[in-house]
Every structure is written in C-alpha cells, then in structure tokens.
Amino acid sequence: MVKKIFIIFCLFIVLHAEDAFERNCISCHENLPSTLQEMFKRYLLVYSSENNVKAGIKHYLKYPSKDISTMSDLFIERYSIKEKTTLSEKELDDAIDIYWNKYKIFGKLK
Amino acid sequence: MSVLKNKVTNSLLASEKKSLLRFFALYMAMILLLIIMISTYYYQTQEKLMLSQQRATLFKYGYIHAKRLKVLHHFFDERVDYPRDPRFKSAIYDIDYKSIFSILEDTHVKFDEEIYRTGNHIQFVKSLDDFYLGTKYIIIEVQDDGLWKDDIWKHILAYGIFFFFLFMLFGLYLAKLFLKPMRDSIVLLDRFIKDTTHELNTPLSAILANIEMMDTDAMIDKNKTKLNRINIAAKTVSTLYKDLTFLTLEQEKENEDESIDLKILIENRAEYFAILAQSKKLNYQFDLNPAMIYMDRQKLTRVIDNLISNAIKYNKRNGIVGFSLKQGELTIWDTGIGISESDMDFVFDRYIRFNQSEGGFGVGLSIVKKIVDDYNMHIKVISKESEGTKMVLTW
C-alpha cells in the first residue's frame, strides 16, 4: 500500500514539474511535421507584435477554424484543424506566455 | 493749395518725426515678419525637395532590407545576424512601435511621416505587409551632409537683405506720402497763427500805449474803472499774443543770453500784472533775495509771465500770489483751486486746460517747460486741490 502511494506521489511530482506549455502543447505538436518554431514565425508574419500574436493564438485555440489558421491549406488538409481547447483561461494564458518567451525574436538578433 | 515751408514748419518736425518713426518701426517689423515667413516657407519647400530626391534612394534601401529580413525570417533561428549595409543604418519595429532591433544613430523615429530629417540624419519609414520577424516598420537612416542647406541660407540672406532694404526705401517713400496731408495742415495752421498774431500786434500795442498815456487824474471814477477793465483785457490778450508769438517765431530764435537781476525782473512783471491781480482782489506777498541768472531775457520773461498769469487766473478772490526768490530757486505760489493728482502728469502738455472757465489756449505751461528744459533748469509743481499751487523753479 505504501509502495502504491509512493508511486502515485512520484507521478504527481513529475507531472507538476512540467509547465503548462510542456504539459498541454508539446505532446500533440511532437507528432506534426511543422515545428512550434515554424508555427510561431507564421504567427509573427501575420500578427507582428506580442499582444497581437498572443491574442491571435488564444483566439485560434479557443475557436479553431480553417479560415483563421496561419498554416497552409496543404497542412490543414493533411492534418486538419485542432480540437477546441479544454484548458482554463489561466492555463491557456500561461501556456501562450511561455510559448512567446521561448520563441520571441526580441534579444536574439545580433 | 500752395503752402510755403518756413522755419516755423521745421520747428514742428519733432511731432512728424515721432509719427514717422512709429509708422516706420511698425512697417519694418511687418516687413521683417513677412521676410521671415517667406524664408521659412522657402526653407521648408527646399527641404521637401531635397527629401523627395532622397526618397527614391531610401525606398530602394528599404526594399533591399525587406528582402533580407524575409530571408532571415525563414532561416531564423539558425541565422540570427541582423542584416547590415554600409550605405545605411536601419531598425525594425513591430506593429505596436516596439523596437525589435535597431542600429540607428538617432532613435527619435516619427512613424507618422514617411521621410524626414532628424538631427544630422534623414530617416525613411517603410511599412511592410508581411511582418517578417514581426516587423511592421523598417526604418532606413542615412547621414544628412547638409550641403543643400548652404545654398538655401545663401539665397535667404541675399534675397532677404535685398528685399529688406528695398521695402525700407519704399516705406520711407510711403511714410512721406502719408505725412504730407498732416504736414500741410500744420503749415497751414502755422501760417494762420503767424498771420493772426502779426495782425494783433499793431492794434494791441496801440491800445496798451494809449492806456498808459491816459491822464487818469482827470477821469471820473466810473471811467477809471472802465479803463482798468480795458487795461486788464488788453494785458490778457497781450500775454496770449506773446505766447503765440513765442510758439510761432521766437522759439527758433538764437538765444541772446545775458546776466539778469531776477529780483528786479520779478518786481517788474508783478507790477505789470498788478492790475489783473487787483481785479480779483489778490495780494502779492514777496520774499525776494538778490539772485542772478544768465539767460535770454525774452524767454525768462515768458516763464515768469506765465507762472504769474496762472497764479492769478486760477486763484480765489482775496487770495495771495506769493514770490520767493533766492539764488538758484524761484517759487511762485498761489492760494487757488489747485491741481488734482490725476491731472498732475499732464500740466505741461500743450493745449491742456484743466479749468475751462478761464480763457487761453493751454499753451502757457508747455512754453515754460520748453524754455526750462532748453536751459537745463528744473520745475517742480506742488499742488493740493482747493488749497493752492506752488511752482518751484531751480537752476
């Protein structure tokens, strides 16, 4: 019994060691040919600034649609559009903030 | 109408000069303002012309830079080296005007203008439709060599000075043209006063001489009173005549300065006005010490006459006209109506009369002031309404 509790505890610790982005995004995107970096650049190309990019991503995740997707038609035909997110507002914002900070251009150019 | 210019007219040039100077100052200020406005407009036009010539080059640089950003966007983040070009400096901003990367020397970017000068640089703002690396605005910056400004300044200075002097000459011509009617009126008035005073001289002298010669002992009292009235009236007109003559003729005359015994002169002039003083039942009060002064007798007489005349004219019945003399100071005082504090600043102005019930042109004290100033003397007015006035002359 003690052993079972220890395993569940360890699993709980491991799961919560990952952040909202890693927990909710990476697992699905790992299987896609287009990287999260590529997708980020597509968002940049369309929305430009931090506020716009974040708002664009959030809106798409909440209301996924072919019409507002930044991905190519070929990609959507092949992999279709994602399911509507089930994440809470806070978790969604956290995941998007992490995504922005991970791939943003600011401070990376030389 | 032909009006002759004479010495009298020239004496009135001071007022003309004042008007001329005021008009001219205003006119030149406006001309200067106009030249500055035209120069500013010219400068701005030339600046715009220079910028429009630069625009094509900077647009080309902007296009090149956009292409390089596009490549960098696709290869980011394998490549992170911002594209640099020796011909220009650049910066990229996102749609919220946040700098993504900048190598500009002047970071004061004006996003609402396409091309502009800032300090020693020219900056061009190119807006992108595809936001490579999030870039909405590319700023291209080149050095402004300022050569275009040298020519503009040369033109502004040369044409500005030329037109300034041209308009100045035109202004002088205009001023003279505008002043002509005023000058004609003054000349006409001068001639009128001069002719009138000239015509007054002979009859007035005849009246005064005959009054002096009349044997009053043989007259009955009634006639004596009438003769006194004629004498007072004639002396009043005579004082006025002398003032007007001074204004129109004598003030331009060379001074014939001499040493004058003031005590004797004051006694004489007081005696001359005695009959006027008697008519108002005024008493003289003398405190005269010997005093000498070196000046033109005619002018000094005008000063004393006017001061005594005023002291009598504005006195109350049974009042006192006082004379106090010591070396360097003469005081003539009265127990008359006095001058209000608000009127005090204007006592020496020409044609100013505070009491309309008394006759005169209001020129007396202005003549006094002119003579006093000519001789670097000082006159002080001490007055209290309803109590009297004290005129203190110092030299």
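Conventions adopted
Residues numbered from 1 in each chain as written. Chains lettered and ligands numbered in written order. Predicted model: local features only at pLDDT ≥ 70, side-chain atom pairs only at ≥ 80, totals over all residues. Helix = DSSP H or I, 4+ residues; strand = E, 2+ residues; numbered from the N terminus. Buried ≥ 20, exposed ≤ 12 C-beta atoms within 10 Å, placed from the backbone. Contact = placed C-beta atoms within 7 Å. Axes fitted to C-alpha atoms, helices over the stretch in contact; angles between N-to-C directions. Parallel < 35°, antiparallel > 145°, perpendicular 65-115°, else oblique. Left-handed = near helix turned anticlockwise from the far one by under 90°. Nonpolar A, V, L, I, M, F, W, Y, C, P; charged D, E, K, R; others polar. Pairing = 2+ DSSP bridges. Arc of directions from axis to C-beta. pLDDT = per-residue confidence, 0-100. Expected span 1.5 Å × (residues − 1).

(A) Examining the overall build of chain B more closely. Scanning chain B from terminus to terminus reveals eight helices and 12 strands. Here chain B, with 395 residues, has 23% of them falling under the buried criterion. Excluding contacts between residues fewer than 6 apart, the proportion of contacts in chain B whose partners are at least 24 apart in sequence is 67%.

(B) Spatial organisation of the packing of helix α5 (residues 262-272) of chain B against helix α7 (residues 297-313) of chain B. All names here are of chain B. Between α5 and α7, the shortest axis-to-axis distance is 10 Å and the interhelical angle comes to 50°. When the axis of α5 is compared with that of α7, the two are oblique. The crossing of α5 and α7 is right-handed. Residues L265, I266, R269 and A270 of α5 lie in contact with α7, whose contacting residues are L300, T301, I304, D305 and I308. The class makeup of the residues in the contact of α5 with α7 is six nonpolar, one polar and two charged.

(C) The environment of A:V46, seen in detail. By the secondary structure assignment, A:V46 is in helix α3 (residues 36-47). In sequence terms A:V46 and A:G56 are 10 residues apart; their C-alpha atoms lie 9.0 Å from each other. In this structure A:V46 touches A:G56, A:T70 and B:F131, once residues within four positions along its chain are discounted.

(D) Here's a closer look at the interface of chain B and chain A. If you look at the interface, chain B gives 18 residues, while chain A gives 13 residues. Residues belonging to the side of chain B that touches chain A are distributed by class as follows: nine nonpolar, two polar and seven charged.

(E) Representation of the sheet that holds strand β7 (residues 283-288) of chain B. All names here are of chain B. Judged by pairing direction, the sheet is mixed, and its five strands sit side by side in the order β7-β9-β10-β12-β11 without closing on themselves. Sheet topology places β7 and β11 (378-384) at the edges, where each strand pairs with a single neighbour. Neighbour-to-neighbour, the strand axes of the sheet open up by a mean angle of 10°, direction not taken into account. Two elements, strand β10 (residues 329-334) and strand β12 (residues 388-394), share five bridges in a ladder whose sense is antiparallel. Within β12, the position partnered with L330 by the bridge is L393. Each of β7, β9 (320-326) and β10 touches α5; the most contacted strand, β9, lies at about 165° to it.

(F) Representation of unusual backbone geometry within the structure. Of the consecutive residues B:F76 and B:D77, the connecting peptide bond is found in the cis state with omega at 5°. Note that B:D77 resides in the loop between α2 (13-75) and β1 (89-93). With a phi close to 70°, A:S48 is a non-glycine residue in the positive phi region. Tracing the sequence through the fold places A:S48 in the loop between α3 and α4 (50-62). Phi is positive for B:S386, close to 70°, though the residue is something other than glycine. Since 10 C-beta atoms lie within 10 Å of it, B:S386 is described here as exposed.

(G) Quick peek at α5(B). Residue and element names in this part refer to chain B. Every buried residue of α5 is listed here: L262, I266 and R269. On an axial view of α5, the arc spanned by its buried residues comes to 70°, and they lie on one face. Along α5, the residues that are exposed and aim more than 90 degrees away from the buried face are I264, N268 and E271.

(H) Molecular detail of the packing of helix α3 (residues 147-213) of chain B against helix α4 (residues 221-248) of chain B. All names here are of chain B. At their nearest, the axes of α3 and α4 sit 9 Å apart, and the two run at 145° to each other. When the axes of α3 and α4 are compared, the crossing they make is left-handed. When α3 is examined against α4, the residues D190, I193, K194, T197, L200, N201, L204, I207, L208 and I211 are found in contact with a partner set consisting of L227, I230, N231, A234, V237, S238, Y241, L244, T245 and T248. Looking at the contact of α3 with α4 residue by residue, the class counts come to 12 nonpolar, six polar and two charged.

(I) Spatial organisation of the sheet that holds strand β3 (residues 115-118) of chain B. Residue and element names in this part refer to chain B. The strand order β2-β1-β5-β4-β3 describes an open sheet built from five strands, whose pairing is antiparallel. Each edge of the sheet is formed by a strand with only one pairing partner; in this case those strands are β2 (99-102) and β3. With direction set aside, neighbouring strand axes in the sheet form an average angle of 20°.

(J) Up close: the pairing of β1(B). Residue and element names in this part refer to chain B. The buried fraction of β1 is high, at five of five residues. Neither face of β1 is exposed, since K89, A91 and Y93 on one face and S90 and I92 on the opposite face are all buried. Note: β1 against β2, three bridges, orientation antiparallel. The partner of Y93 across the bridge, within β2, is S99. A loop of five residues connects β1 with β2, the two strands running antiparallel in sequence, and Y97 in this loop sits at a positive phi of about 60°.

(K) Geometry of the environment of B:T394. Residues and elements named next belong to chain B. Note on placement: T394 falls in strand β12. On the basis of neighbour counts, which here come to 12 C-beta atoms within 10 Å, the residue T394 falls in the exposed class. Sequence spacing of T394 and H378 is 16 residues, and the spatial spacing of their C-alpha atoms is 5.2 Å.

(L) Geometry of the confidence of the model for chain A. Put simply, chain A has an average pLDDT of 84, and 85% of its residues get 70 or more. At the level of individual helices and strands, chain A shows its lowest average pLDDT in helix α1 (residues 2-17) of chain A, which scores 52, and its highest in α4(A), which scores 94.

(M) Main features of helix α6 (residues 89-103) of chain A. Residues and elements named next belong to chain A. Compared with the 21 Å implied by 1.5 Å per residue over 15 residues, the 21 Å span of α6 between its first and last C-alpha is a close match. Listed in full, the buried residues belonging to α6 are A95, I96, Y99 and Y103. For α6, the buried positions fall inside an angular range of 95° around the axis, keeping them on one side. Opposite the buried face of α6, by more than 90 degrees, sit the exposed residues K90 and N101.

(N) View of the environment of B:L227. Residue and element names in this part refer to chain B. Along the chain, the position of L227 falls in helix α4. Spatially, the C-alpha atoms of L227 and I211 are 7.4 Å apart, while their sequence positions differ by 16 residues. Those residues within four positions of L227 in sequence are excluded, and the remaining contacts are I211, M214, T216 and M219.

(O) Here's a closer look at the confidence of the model for chain B. Residues and elements named next belong to chain B. In this model, chain B carries a mean pLDDT of 86, and residues with pLDDT of at least 70 account for 91%. Scored below 50 in pLDDT, residues 1-12 shows 15 contacts in the model against residues more than four places distant or in partner chains. For this predicted complex, the interface confidence score (ipTM) comes to 0.83, while the overall pTM stands at 0.55.

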